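Now for the letters of each chain:
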Amino acid sequence: MTYTLERADLFISENKHLLRQDYRLNYHLMSELNWMNDPNGFVHYKGQYHMFYQHYPYKPVWGPMHWGHAVSTDLMKWEYLPVALAPDQQYDRDGCFSGSAIEKDGKLYLMYTGHIMTGPNKEKDYYQLQNLAVSDDGVRFTKVDVNPVIDVKQIPDGASEKDFRDPKVFEKDGSYYVVLGSNDGQGNGIILLYRSNDLFQWSFAGEIARSDGSLGDNWECPDLFELEGRDILIMSPQRMPAQGNDYHNLHSTTYMIGSLDTDKGKFSYNEYRPVDYGFDFYAPQTTVDDKGRRIVMAWMETWETAIPTQDGHHWAGAMTLPREVKLSGDRLVFEPLEEVKAYRSNPYEAHSIAMDGLQDLDISGDSYELQVVFEAQQAEEFGLKLRVHGEEETVLSYRPGDRLFRFNRDKAGAGLGGERRCDVELENGLLALRIFVDKSSVEIFIQNGEKVMTGRIYPGQQSIGIQAFSNGACQIQSLLKWDIK
Ligand code: FRU
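Every chain is numbered on its own, with residues counted from 1 as its sequence reads. Whole-chain, interface and lining totals are the exception, using all residues; otherwise, since this is a predicted model, local features are given only for residues with pLDDT of at least 70 and side-chain atom pairs are given and counted only at 80 or more. Each side-chain value is worked out from all heavy atoms of the structure, with water and hydrogens disregarded.

- The name recorded for the protein chain in an unreviewed UniProt entry is Sucrose-6-phosphate hydrolase, from Paenibacillus abyssi.
- The record in UniProt for the protein chain states the following under Subcellular location (unreviewed entry): "Cytoplasm". UniProt positions are given in the numbering used here, feature names are shortened, and annotations may be inferred rather than shown by experiment.

What follows is the structure, given as structure tokens:
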């Protein structure tokens, strides 16, 4: 099959009436039709936020990758633009894989991975190289004549000749740099750094980081940026083994705070931590906007899990809410953006609710923001049940005794189950939750974004109840809710 931009756009416009709305999200970016995975080319350009995404327009499954494209002025409401890249050249013939965007001399450049199959085995018979496309208006992109701009010949000894992908380009001290995810062929993820003066000619600048054995066998989607003078590396390790309560998904995301030495080609760091503690969060990408905010968005899914909308809904995959990344000591915190407030309606407020047992709250919904502060008091366990009806419920709970916060979706609805946990300390006896529920998603910002848990859920349409519960006496100090549409 030959893939072209025209064919993709035509197919989307002729078939989008097929979309089933039941689980379509109200305030998150989804693909216009069919498949979406990683965020790509996230950038603020000429007054708009641009988000591109890994996209297969023809079916709600992964296939030869295109780049879908949407723009927004506030990161909340998105408008779809024509598909930006299709796999229509020799050097990307089996997929335009993930990559990033950068503005140079008023033009918008996309750097992305060309995926090339050399035989029938999807797992083994392929190689990857890096390409460039450019646009004057941020809508129509032309792939440059000299592609590939980083060829397989430029892969250093000791790095995989196959897995060499997901360029994230940035400018530092007057040069351009790109980080790429790879592995050493021996089961360890690595990150490669290349340097350029013009985005067209690149030279290898070092293997800046490598797994110590605990961080998965291949690293995808690296992102390297500066925040308050520190260098932050975020990436997505594949098949990383669980550690205690952390890293229980098949593929994870982690961040490291350290320092990048571009002369030596090394990134040094001490610790790494999860970016998100939930079920569905992968391949995050950041950008900095005109207000100087560092903003991250991720694919609100992960590989090799069921996506109930693949069956008859004509879409699969969504992005998380945009989150501002801030430094707090030697950790990152993630906060919802101010922009969300403009979408609030039907405010509800209650204070000092004494709790012991299960309690219906006077509120309901399938698309809202909830801010709850619990005072733990004597309770052994307390929490919230969301999207409740009959047997269905999504349970968020906290136990002061073991300092564990849990997100359980065993009875959340269609398809999925399981529990994710994270360690959380009370602050002066208080637990503060800021929760965003959209029609098939939950994002929980715990203790002001110290930890975030993200997950997809697929409850029935009647499952809109909200309850609080406790085992032993505790108090809801404050409860605020707004619908978000
Ligand atoms: C991450 C990823 C990338 C790759 C893309 C392909 O989710 O596997 O490494 O470029 O998806 O769609």
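Anyway, onward from the coordinates.
## As for the nonpolar core
Here is step 1: The nonpolar core is taken to be a set of buried Ala, Val, Leu, Ile, Met, Phe, Trp, Tyr and Cys residues, with the residues joined through side-chain atoms within 4.5 Å. Relative accessible area decides the class of each residue, using a 1.4 Å probe on protein chains only: under 20% of the type maximum gives buried, over 50% gives exposed, and in between gives partly exposed. Ranked by internal contacts, the top residues of the largest apolar core, which has 37 residues, are Leu370, Leu384, Leu386, Phe405, Ile435 and Ile444.
Here is step 2: Each helix is a run of H or I in the DSSP string that is no shorter than four residues. Each strand is a run of E no shorter than two, and both are numbered from the N terminus. Elements with a contribution of two residues or more to this core: strand S22 (344-364), strand S23 (368-375), strand S24 (381-389), strand S25 (392-399), strand S26 (404-408), strand S28 (430-438), strand S29 (441-446) and strand S31 (465-484).
Here is step 3: Counting 27 residues, the second-largest nonpolar core is a separate cluster that includes Tyr58, Val83, Tyr282 and Trp299.

## Description of the site of the ligand
Here is step 1: Any residue with a non-hydrogen atom lying within 4 Å of a molecule or strand is treated as near it. Asn37, Asp38, Gln54, Trp62, Met65, Phe97, Ser98, Arg165, Asp166, Glu220, Tyr282 and Trp303 make up every residue found near the ligand.
Here is step 2: Between N or O atoms, a polar contact is any pair within 3.5 Å; within protein, one atom must be a potential hydrogen donor and the other a potential acceptor, and residues adjacent in sequence are included only when both atoms are from side chains. Arg165 places a side-chain nitrogen or oxygen 2.8 Å from an oxygen atom of the ligand.
Here is step 3: Between Glu220 and the ligand, the recorded distance is 2.9 Å, taken from a side-chain N or O atom to an oxygen atom.
Here is step 4: For the area figures, the Shrake-Rupley method with a 1.4 Å probe applies, and any residue is considered shielded solely by the protein chains shown. Within the complex, 96% of the 320 Å² of free accessible area of the ligand lies under protein.

## Observations concerning the sheet that holds strand S17 (residues 282-288)
Here is step 1: Judged by pairing direction, the sheet is antiparallel, and its four strands sit side by side in the order S17-S18-S20-S21 without closing on themselves. Because the sheet does not close on itself, it has two edges, and the strands there are S17 and strand S21 (331-336). The mean inter-strand angle of the sheet, taken between neighbouring strand axes irrespective of direction, is 40 degrees.
Here is step 2: We call two strands paired when DSSP finds no fewer than two bridges between them. Where strand S20 (residues 323-328) meets S21, six bridges bridge the pair, whose relative direction is antiparallel. For helices, the axis comes from a line fit to the C-alpha atoms of the stretch in contact; other axes are also lines fit to C-alpha atoms, and the angle between any two N-to-C directions lies between 0 and 180 degrees.

## A look at the environment of Ser100
Here is step 1: By secondary structure assignment, the location of Ser100 is in strand S5 (residues 96-104).
Here is step 2: Using a relative accessible area of 0% as the deciding quantity, one classes Ser100 as buried.
Here is step 3: Sequence separation of Ser100 and Phe170 is 70 residues, and the distance between their C-alpha atoms is 9.1 Å.
Here is step 4: Only heavy atoms enter the contact rule, under which two residues are in contact if any of them lie within 4.5 Å. Not counting residues within four places of it along the chain, the set of residues in contact with Ser100 comprises Gly41, Trp67, Tyr109, Leu110, Met111, Pro167, Lys168, Val169 and Gln285.
Here is step 5: From its side chain, Ser100 meets the backbone oxygen of Pro167 in a polar contact 2.8 Å long.

## Regarding the UniProt feature "domain: Glycosyl hydrolase family 32 N-terminal" (unreviewed entry) in the protein chain
Here is step 1: In the UniProt entry, the feature "domain: Glycosyl hydrolase family 32 N-terminal" (unreviewed entry) is given for residues 28-336.
Here is step 2: For residues 28-336, the end-to-end C-alpha separation is 13 Å, with 0% helix and 53% strand making up the annotated structure.

## Looking at the state of the cysteines
Here is step 1: Whenever a pair of cysteine sulfur atoms sits within 2.5 Å, that pair is classed as a disulfide. With the rule as written, the count across this model stands at zero disulfides.
Here is step 2: Cysteine Cys96 is unpaired, with the sulfur of Cys221 as its nearest cysteine sulfur at 15 Å.

## A word on helix H1 (residues 5-15)
Here is step 1: Along H1, the positions that sit buried rather than exposed are Leu5, Ala8, Ile12 and Asn15. The arc that holds the buried residues of H1, viewed along the axis, is 125 degrees, so those residues lie on one side.
Here is step 2: Buried residues along H1 sit against strand S2 (48-56), strand S3 (66-72) and strand S4 (79-85). Summarising the geometry, the arc corresponds to the directions from the helix axis toward the C-beta atoms.

## A short note on the sheet that holds strand S8 (residues 142-143)
Pairing between sheet strands relies on hydrogen bonds along the backbone, with the strands arranged either parallel or antiparallel.
Here is step 1: Ordered in space as S5-S6-S7-S8, the four strands form an open sheet in which the pairing is antiparallel. Sheet topology places S5 and S8 at the edges, where each strand pairs with a single neighbour.
Here is step 2: In this sheet, S8 lies alongside strand S7 (residues 126-135) in antiparallel orientation, the contact comprising two bridges. Each bridged residue has a counterpart across the sheet, and for Val134 the counterpart in S8 is Thr142.

## Let's talk about the pattern of salt bridges
Here is step 1: The term salt bridge refers to a side-chain nitrogen of Lys or Arg lying within 4 Å of a carboxyl oxygen of Asp or Glu. In this structure the tally under the stated criterion is 37 salt bridges.
Here is step 2: Asp217 serves as the salt-bridge partner of Arg239, at 2.8 Å between the closest nitrogen and oxygen. Residue Arg239 is located in the loop between strand S14 (230-238) and strand S15 (254-261), and its partner Asp217 is located in the loop between strand S12 (203-210) and strand S13 (218-227); the two are separated by 22 residues in the primary sequence.
Here is step 3: Residue Arg239 is classed as partly exposed on the basis of its relative accessible area of 41%.
Here is step 4: Looking at Asp217, the relative accessible area reads 25%, which means it is partly exposed.
Here is step 5: Among the salt bridges present, the one from Glu393 reaches Lys385, with a minimum N-O distance of 3.4 Å. The two residues Glu393 and Lys385 agree in class, both being buried.
Here is step 6: Members of the salt-bridge network, linked through shared partners, are Glu271, Arg273, Asp330 and Arg331.

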